[in-house]
Amino acid sequence: MASLFFKAARVGIPFGLAFWVFESFFHVYVLGDGTLEQQLFRPQLHELWMRLLVLISLTAFAVYAASLFQAQSRIEEVSDEATELRKAQEALAVSEERFRKVFEQSPVGIVIADTELKILDSNPALQQTFGFTAEEYRGLTVPELSHPDDMTHNQTLVDETLGGGAPGYELEKRLLSKTGAEMWGHVRASLVRDSKGNPQYFVGTIEDVTQRRRAAQLSEALNALNPSIMASLDTDSILMTAASQASRVLGSDSCAVTLLENDEWHYAFSEDVPIDTKEIRFSSSSMTHQRIMLGTSGLFAQQSIADEDRISDDPINAFGVGSLLSTPITKGDKVVGTIDFYYHSMKREAFSDMELDFARKLGISVSLALANADILAGERHIATNLQEALEPKLAPIADLELGHIYRSATEMARVGGDFYDAFDLDANRVALVIGDVSGKGVEAARFTGLLRHTIRAYSYEHTSPAEVMTSCNLAILPIVPGSMFATVFMGIFDKKTCKLTYCCAGHPPPIIVNQRGVQPLPLTRSPIVGAFKDMEFHEKEIELGMGSSLLMYTDGVTESKGSEGLLGQEGLETGLRNLLQTRTADLPAAVYELVENYSTGDLGDDVAILAVSPQCDCAS
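Notes on the structure follow. (Residues numbered from 1 in each chain as written. Predicted model: local features only at pLDDT ≥ 70, side-chain atom pairs only at ≥ 80, totals over all residues. Heavy atoms only, no water.)

**A short note on the nonpolar core**
Working step 1: In this structure, Val257, Ile329, Ile339, Phe341, Phe358, Leu362 and Val366 are the most contacted members of the largest nonpolar core, which totals 31 residues.
Working step 2: Those elements that place two or more of their residues in this core are helix 7 (210-230), helix 8 (235-250), strand 6 (254-261), strand 10 (323-331), strand 11 (334-343) and helix 10 (353-390).
Working step 3: When residues in this core are grouped by element, the largest group, 9 residues, is from helix 10.
Working step 4: In this structure Ile339 touches Ala243, Ala256, Val257, Leu325, Ser326, Thr327, Ile329, Leu362 and Val366, once residues within four positions along its chain are discounted. (Core = buried A, V, L, I, M, F, W, Y, C linked by side-chain atoms within 4.5 Å. Buried < 20%, exposed > 50% of the residue type's maximum accessible area, 1.4 Å probe, protein only. Helix = DSSP H or I, 4+ residues; strand = E, 2+ residues; numbered from the N terminus. Contact = heavy atoms within 4.5 Å.)

Pasting the structure below:
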């Protein structure tokens, strides 16, 4: 009220004073009644009372008017607040209705849980996916529905969210259905807080990604399986690996591989089958699932064996098989075997499209692996004979100690381009050769043989290694494939003078090993062989006396890879310093052991090593 009075006084008093002045002016200038000073300060009591009455009246009126104005403003404010409240309530009702409609109709599962992860509500999609009713969900907690191994990470994310670190969290984890089956769910959870920021409850969406995860699992399993079976040349290993690993992925109780030979089926492999299958044989004319597959070359998938009359006499009925998935092994367009996956329960769930696709691709992969093994086995036989023919059988050389070794990088590609040779030119001179032809396979072997014999031929014609390399380069250029070339080291050792004259044509420099240490030969700056015409080859000369070994090697030694990168020239020299006491005959094997240990047995390239040392006193 006091506030209202002061507001009115601020209005009434100025109006009253204004009236006082106006009335005085009126008396003086309109009625001609005295002076202005007399009128403003006239002493008549009734006029003073009249002026006070006007002043009080105006003040009261102002107070009343102000109260009316304030009341009207408050009414308008209350009305506006009521309107806003009504709008907010309507919007909230619409929002709640919309959320409820989304909640009920969403194809994705939605769950509401308190901050202790106790489930408060769930939508029909979630109930349908995992088999629980709304009432059953309300009595459960999130940890009870989650795989124990995945809940630790889940709880960490919950704690971080409650602590204010994030508005929510997202993860994929395993969830348990009402039947106890594991299912994968993609969970997105948001934390709802009140106006003060206090946590209220979680709203989470759960998308069933079991099928996607299963597809990824099957694809990864097939990708992991393919290299192991493709790298093998052993038929039994291919079949055992494929059936055993695929059985685990498909979750079958047992598995077997049957093969058709001479119009008769037999078991080549079985795992966890309850009876011995070694002696089981049956005719291809029997009405078995193999017989059915012979006619279709497709999968045989039977969810319930008891419901399939066509295989009533199949041997698998003795195994107690309830369901069967079988994929064919083919050779060309003919079925020559099957990979069978047995489920011993009376009836399992229907095979999914992903499982059928996995089994189909498995059969194709195994068929290709077996065909590849046949081809590679034939090539390997040829390669073995060819490599044995190409590898020189070094004859003993008077007054020289020899050591040599050759190792292929892989058994799958035994024919490489590395070679070495040592032979007498006359009573005093010995030719020493090591080389590396680019490429692999039969074409590289042909070039290797050609180059080795060409070097031998020109070694008898010329007296210097540089001349031999020049002639060899010109001779093989017209006939060598354009993409091939060779690096070659050739030395001619004179046993009478202990002088070694050599040409290093693009090849790693040999190393002299003796009691004083290790010393690489200086390079001769000569080009590779078989790549360019009219090239100049150069040579150098050093002394190689008793007690020194000349170690020649191909780049498979220095380019072997370990955890610290390539072994390199420096790594080889370091290793050789620990082999100074090694006999020349044993030095190549010791160096190869060094390379093998460094690369942990995983050679990246073929390795050829030749070592020689004089065993005579040279003339001064």
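So much for the structure itself; the text now carries on.
**Here we look at the side chain of Asn154**
Working step 1: Relative to the helices and strands, Asn154 is located in helix 6 (residues 148-162).
Working step 2: At 3.4 Å, the side chain of Asn154 and the side chain of Tyr169 are in polar contact. (Polar contact = N/O pair within 3.5 Å; in protein donor to acceptor, adjacent residues only side chain to side chain.)

**Some words on the packing of aromatic side chains**
Working step 1: Enumeration over the complete set of coordinates arrives at 6 aromatic pairs.
Working step 2: Here Tyr169 and Phe202 contribute two aromatic rings whose centre-to-centre distance is 6.2 Å and whose plane-to-plane angle is 65 degrees, an arrangement assigned as edge-to-face. Linking Tyr169 in strand 3 (residues 168-176) with Phe202 in strand 5 (residues 199-208), this pair joins segments that are 33 residues apart in sequence. Taken individually, Tyr169 and Phe202 each receive the classification buried, so the pair is uniform in this respect. (Phe/Tyr/Trp six-rings, centres within 6.5 Å; stacked < 30°, edge-to-face > 60°.)

**Re a nonpolar patch on the surface**
Working step 1: Taken together, Val21, Phe25 and Tyr29 make up a surface patch of nonpolar side chains, about 310 Å² in accessible area.
Working step 2: As for its position among the elements, Phe25 is in helix 1 (residues 2-29). (Patch = residues over 30% accessible without salt bridge, like charges linked within 9 Å, V, L, I, M, F, W, Y side chains within 5 Å. Areas by Shrake-Rupley, 256 points an atom, 1.4 Å probe, with all protein chains shown as cover. Salt bridge = Lys/Arg side-chain N within 4 Å of Asp/Glu carboxyl O.)

**With respect to the pairing of strand 5**
Working step 1: Across 6 bridges, the pairing between strand 1 (residues 109-114) and strand 5 is antiparallel. Bridging from a neighbouring strand, Val111 pairs with Gly204 of strand 5.
Working step 2: In the sheet, strand 4 (residues 182-193) pairs with strand 5 via 9 bridges, with the strands oriented antiparallel. For Val187, the partnering residue across the bridge sits in strand 5 and is Ile206.
Working step 3: Taking the residues that link successive antiparallel strands as the turn, the strand 4-strand 5 hairpin has 5 residues, and the phi of Gly197 there is positive, at about 90 degrees. (Pairing = 2+ DSSP bridges.)

**Things to note about the sheet that holds strand 2 (residues 119-122)**
Working step 1: Within the open sheet, the 5 strands sit side by side as 2-1-5-4-3. Their pairing is antiparallel. Among the strands making up the open sheet, the edge pair consists of strand 2 and strand 3. The sheet shows a mean angle of 25 degrees between the axes of neighbouring strands, direction not considered.
Working step 2: Pairing of strand 1 with strand 2 involves 3 bridges; the strand directions are antiparallel. When the bridges of strand 2 are listed, Val111 appears paired with Ser122.
Working step 3: Those strands touched by helix 6 are strand 3, strand 4 and strand 5, and its axis lies near 155 degrees from that of strand 3. (Axes fitted to C-alpha atoms, helices over the stretch in contact; angles between N-to-C directions.)

**A look at the sheet that holds strand 7 (residues 264-271)**
Working step 1: Read from one edge of the open sheet, 6 strands run 8-7-6-11-10-9, paired in antiparallel fashion. Every other strand in the sheet has two partners, leaving strand 8 (281-283) and strand 9 (300-302) as the edge strands with one partner each. Across the sheet, the mean angle from the axis of one strand to that of its neighbour is 20 degrees, orientation sign disregarded.
Working step 2: As defined by bridge partners, strand 6 adjoins strand 11 across 6 bridges and the pair is classed as antiparallel. Counted as the bridge partner of Ser254 is Tyr342 from strand 11.
Working step 3: Lying over the sheet, helix 8 contacts strand 6, strand 7, strand 10 and strand 11, oriented at roughly 145 degrees with respect to strand 6.

Function-wise, these values are silent; they only describe arrangement.
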